[in-house]
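Read off the chains here:
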Amino acid sequence: MDISRTEQRILHLLAQGGRIEIERDDNRKIEAVKCFTRDGWVYPGFGLELFRKLKQKRAIKSSGGKPYRITERGLVLVRAEQDNR
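Remember, predicted model here, so these are calculated numbers, not experimental data.

Draft legend 1. Region of the structure containing the sheet that holds strand β1 (residues 19-24). What the three strands build is an open sheet, ordered β1-β2-β3; its pairing is antiparallel. Two strands close off the open sheet at either side, each with one partner strand: β1 and β3 (42-43). Relative to β3, strand β2 (residues 30-36) is paired through two bridges, and the arrangement is antiparallel. Bridge pairing in β3 links F36 to V42. Relative to β2, helix α2 (residues 48-56) is tilted by about 80°, and along the sheet it contacts β1 and β2.

This is the structure we're talking about:
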């Protein structure tokens, strides 16, 4: 299954230790999502639509109310990218 370039970037960021945190409103609906790098920086351009795409592809999941992390399926979907550090 092919994934878009933005999905690829987010999955790569999560594979390096990033996380996705969600905020809910009073009715328990998802109000906002934020993607954090492993250093704690917020990744720009990540929205609810991209979050739903990754969740639908089962590339990310949350367990026990913790932030969303990459799954084994997500690791398979992400292609190797050279780290520029």
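Draft legend 2. Representation of the nonpolar core. Of all hydrophobic cores here, the largest spans 18 residues; its most connected members are I10, L11, I20, F46 and I60. Where this core is concerned, the elements lending two or more residues are α1 (5-15), β2 and α2. Here F46 is in contact with I10, I20, V33, K34, C35, F51 and L54, once residues within four sequence places are set aside.

What counts, and at which threshold
Residues numbered from 1 in each chain as written. Predicted model: local features only at pLDDT ≥ 70, side-chain atom pairs only at ≥ 80, totals over all residues. Heavy atoms only, no water. Pairing = 2+ DSSP bridges. Helix = DSSP H or I, 4+ residues; strand = E, 2+ residues; numbered from the N terminus. Contact = heavy atoms within 4.5 Å. Axes fitted to C-alpha atoms, helices over the stretch in contact; angles between N-to-C directions. Core = buried A, V, L, I, M, F, W, Y, C linked by side-chain atoms within 4.5 Å. Buried < 20%, exposed > 50% of the residue type's maximum accessible area, 1.4 Å probe, protein only.

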